[in-house]
Amino acid sequence: MVRPRWLSAQRTGVSRSWLLWDRAIALWAAVNLIWVVFDITYVPFRTFWLQRNLTPLPQVPLVVPLTLLPDITPLYDPVKGIEPHRETQAYLRHFQALDQALSTDAPLAASAAQRSKQVELTLAMINENPFAASGNSGTLEKLKNRLRQRAGLDSAKQSAALLLSDGWLNRQGWQEERRFWQQQILPLVATSYWRSIDENGRPTDHSWRYDLLLFQGVFALDILLRMVRLRRRFPGLSWRDALLRRWIDLPLLLPFWRWLRVAPVVERLSQAGLIDVEPLRAVISRGVVSLLALELFEVLALQLVDGTQSLIRSPQWPRMIRSLRSHQSVSALQQQSEQPLLGLLRLWGPMVLGQVTPRLTPELQSLLGHALEQSLREVPAGNVVPRALSRQLSAGMVDSLVELSRGTAERLAESDERQAALLQRFGDRFWEELAAALERGDTLERSQLLLCGLLQQLKLNYLAQMNRAGIGALMDELDQLTVPVSDSSGPPPTPPA
């Protein structure tokens, strides 16, 4: 695709200190964009940051741990107003106490009360669904399915009671069951949380404070400095116009729709020379042009042809033709200066008759001599006329015409008021007679019908030939004309100094 003119302009007159500042701000804006993406996606992906593992197949208990990632939930949960859920935290604490009791050599009867309490907490969690507060009701269904699969029963409540019963633990052993609870159940319970509500009835979110202090303040300072630099380059530029020229930086200062910051960040990185977005821009432009070119061409062609047809159908042809006469002109410029048609005749007449025609003398002599020879051959006894005579006759006629054209050119070049008046009278008479001829009979109506029919046929044929394949071929031809082709036979030519 053709590179737009606004991208071809290079940064000139920028000092090294300003260039370093622009690059630093561009990098800081890129950091802000990364943080904005993280902040927007933190709540939906909090389970991932809490557990730091991947489940490629949700239906299969396959877990890929990512132990290199730090646990950032204790640090970032307060920013989003997230607090541990009381019910699920009590569930986790009681399970730890139950695990300690079952890990000893004490008989199972010693932990019967604790196991009964754990079953009650499980039933309460199933009934009250603490995951709904965080919008993760699907987590409860996943937990219930795992309990059913483990116990082989249709009821999740009965499965919880069976998995902590004396008979089940005697057959399976606590170590194996402990692994199931810690790997399959407790990680799901830990994902539940409670999020506070602010005075506006919205979930608490303190990220705007960090955005304002760490980023938006720096961006506001940079925008102000850019406005000052613009006013130094263009002293007549007002502060409002300088601010409007930096309209693309507006998303950097908005506390909402922060995903729009991708546009100013890319623009700043490109201007600072840190990234090259031209290949991506060319691909996007090609796709957009390919999609819209056909519709755009059709609309323009129809608009042009329909406008011409409307003009042709107008019954005011005679009036418009008569308005071309000199005394009908209402243009103040034409009244103060010579008429355009008269001016062209006085400019082109001497040039064509006095300069162009004399230089064509040899060609005119050859052409006229050949025509005389062909004419004399058709006359009886014309073959006996010598060729030299025809050449002499043609040379004499051409010389006479050239002398006449030179004389006419000299007279046209002279400032002759009567000549100008005669030319103007001729033009006025021509337009008057043409308008009168159109008013007689049905000449005007027939002319309009024929011209509109011709345009209608042209419109149908043109639109029928337009298709996507034609637009694609046009885009390929444009690429061949604009994309440079490297010559593998040798090094590229060195541009002149």
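Note on placement: Thr443 falls in helix α21 (residues 443–465). Since its relative accessible area comes to 34%, Thr443 is described here as partly exposed.

Our next topic: the packing of aromatic side chains. Under the criterion given, the structure shown has eleven aromatic pairs. Here the aromatic rings of Phe38 and Trp49 are separated by 5.5 Å at their centres, their planes lie at 80°, and the arrangement is edge-to-face. Here Trp49 lies in helix α3 (residues 46–51) and Phe38 lies in helix α2 (residues 16–42), a separation of eleven residues in the sequence. Accessibility assignment for this pair places Phe38 and Trp49 in one class, buried. Centroid distance Phe95 to Trp174: 6.1 Å. Interplanar angle 45°. Geometry classified as tilted.

Our next topic: the packing of helix α7 (residues 137–151) against helix α10 (residues 174–190). At a minimum axis distance of 9 Å, the contact between α7 and α10 shows a crossing angle of 165°. The orientation of α7 with respect to α10, classified from their angle, is roughly antiparallel. Classified by chirality, the crossing of α10 by α7 is right-handed. Note on element contacts: α10 touches α7 through Glu176, Glu177, Phe180, Trp181, Gln183, Gln184, Ile185, Leu188 and Val189, opposite Thr139, Lys142, Leu143, Arg146, Leu147 and Arg150. Partitioned by chemical class, the residues of the contact of α7 with α10 number seven nonpolar, three polar and five charged.

Bringing the environment of Val266 into the picture now. On the secondary structure map, Val266 appears in helix α13 (residues 262–271). Taking the relative accessible area as the measure of exposure, Val266 reaches 31% and is therefore partly exposed. C-alpha separation for the pair Val266 and Ala29, spaced 237 residues apart in sequence, amounts to 9.1 Å. Look past the residues within four positions of Val266 in its chain and what remains in contact with it is Ile275 and Val277.

Here the focus is a nonpolar patch on the surface. A surface patch of nonpolar side chains, about 730 Å² in accessible area, is lined by Trp28, Val31, Trp208, Tyr210, Leu212, Leu213 and Leu214. Secondary-structure elements contributing two or more residues to the nonpolar patch are α2 and α11 (207–233). For the nonpolar patch, the element with the most residues is α11, which contributes five residues. Residue position: Trp208 is located in helix α11. On the accessibility criterion, Trp208 (47% relative accessible area) is partly exposed.

Every buried residue of α13 is accounted for by Pro264, Val265, Glu267, Arg268 and Leu269. As for α13, its buried residues are in contact with α2 and α11.

Only a minority of non-glycine residues have a phi that is not negative, and only a minority of peptide bonds are not trans. Positive phi values are uncommon outside glycine, yet Arg52 reaches one of about 55°. Structurally, Arg52 can be placed in the loop between α3 and β1 (53–54). The phi dihedral of Trp257 is positive, around 50°, even though this residue is not glycine. Inspection of the secondary structure puts Trp257 in the loop between α12 (239–245) and α13. Relative accessible area serves as the criterion here: at 55%, Trp257 is assigned to the exposed category.

Next up on the list: the side chain of Arg115. Among the structural elements, Arg115 can be located in helix α6 (residues 112–128). Apart from residues lying up to four places away in sequence, Arg115 is in contact with Leu98, Leu102, Leu108, Ala109, Leu164, Ser165, Asp166 and Leu169.

Side chains bearing opposite charge may pair, as long as their charged atoms lie close to each other. Scanning all chains against the criterion turns up 19 salt bridges. Across the pair Lys80 and Asp39 runs a salt bridge whose closest N-O atoms are separated by 3.3 Å. Note that Lys80 is positioned in the loop between α4 (73–76) and β3 (82–84) and Asp39 in helix α2, a separation of 41 residues in sequence. Each of the two residues, Lys80 as well as Asp39, counts as buried. Between Arg246 and Glu267 there is a salt bridge, with its nearest N and O atoms 3.6 Å apart. Linking Arg246 in the loop between α12 and α13 with Glu267 in helix α13, this pair joins segments that are 21 residues apart in sequence. By the burial criterion, Arg246 is buried, and Glu267 matches it. Bridged by salt links that share partners, the residues Asp22, Asp222, Arg226, Arg229, Arg246, Asp249, Glu267 and Arg268 form one connected network.

Chain-level statistics for the chain give a pLDDT mean of 78 and a share of 79% at 70 or above. Across the chain, the secondary-structure element scoring lowest on mean pLDDT is helix α16 (residues 332–336), at 43, and the one scoring highest is α2, at 91. Predicted confidence for residues 5–12 stays below pLDDT 50, and this span has seven contacts to residues more than four positions away or in other chains.

Looking at soluble globular proteins, one finds that nonpolar side chains tend to be buried together. Ranked by size, the top nonpolar core spans 26 residues in total, and within it Leu143, Leu147, Leu163, Trp181, Ile185 and Val189 carry the most contacts. Those elements giving two or more residues to this core turn out to be α5 (86–103), α6, α7, α8 (156–163), α9 (166–172) and α10. Excluding anything up to four places from it in sequence, Trp181 contacts Tyr91, Phe95, Leu147, Leu163, Leu164, Leu186 and Pro187. Listed in part, the 20 residues of the second largest apolar core include Ala26, Ala29, Tyr42 and Val79.

With that settled, the discussion passes to α6. Between its first and last C-alpha, α6 extends 24 Å over 17 residues, near the 24 Å set by a 1.5 Å rise per residue. Among all positions of α6, only Arg115, Gln118, Val119, Thr122, Met125 and Ile126 are buried. For α6, the angular spread of buried residues about the axis comes to 120°, placing them on one side. Facing away from the buried side of α6 by over 90 degrees, the exposed positions are Ala113 and Asn127.

Thresholds applied
- Residues numbered from 1 in each chain as written.
- Predicted model: local features only at pLDDT ≥ 70, side-chain atom pairs only at ≥ 80, totals over all residues.
- Heavy atoms only, no water.
- Helix = DSSP H or I, 4+ residues; strand = E, 2+ residues; numbered from the N terminus.
- Buried < 20%, exposed > 50% of the residue type's maximum accessible area, 1.4 Å probe, protein only.
- Phe/Tyr/Trp six-rings, centres within 6.5 Å; stacked < 30°, edge-to-face > 60°.
- Axes fitted to C-alpha atoms, helices over the stretch in contact; angles between N-to-C directions.
- Parallel < 35°, antiparallel > 145°, perpendicular 65-115°, else oblique.
- Left-handed = near helix turned anticlockwise from the far one by under 90°.
- Contact = heavy atoms within 4.5 Å.
- Nonpolar A, V, L, I, M, F, W, Y, C, P; charged D, E, K, R; others polar.
- Patch = residues over 30% accessible without salt bridge, like charges linked within 9 Å, V, L, I, M, F, W, Y side chains within 5 Å.
- Areas by Shrake-Rupley, 256 points an atom, 1.4 Å probe, with all protein chains shown as cover.
- Salt bridge = Lys/Arg side-chain N within 4 Å of Asp/Glu carboxyl O.
- pLDDT = per-residue confidence, 0-100.
- Core = buried A, V, L, I, M, F, W, Y, C linked by side-chain atoms within 4.5 Å.
- Expected span 1.5 Å × (residues − 1).
- Arc of directions from axis to C-beta.

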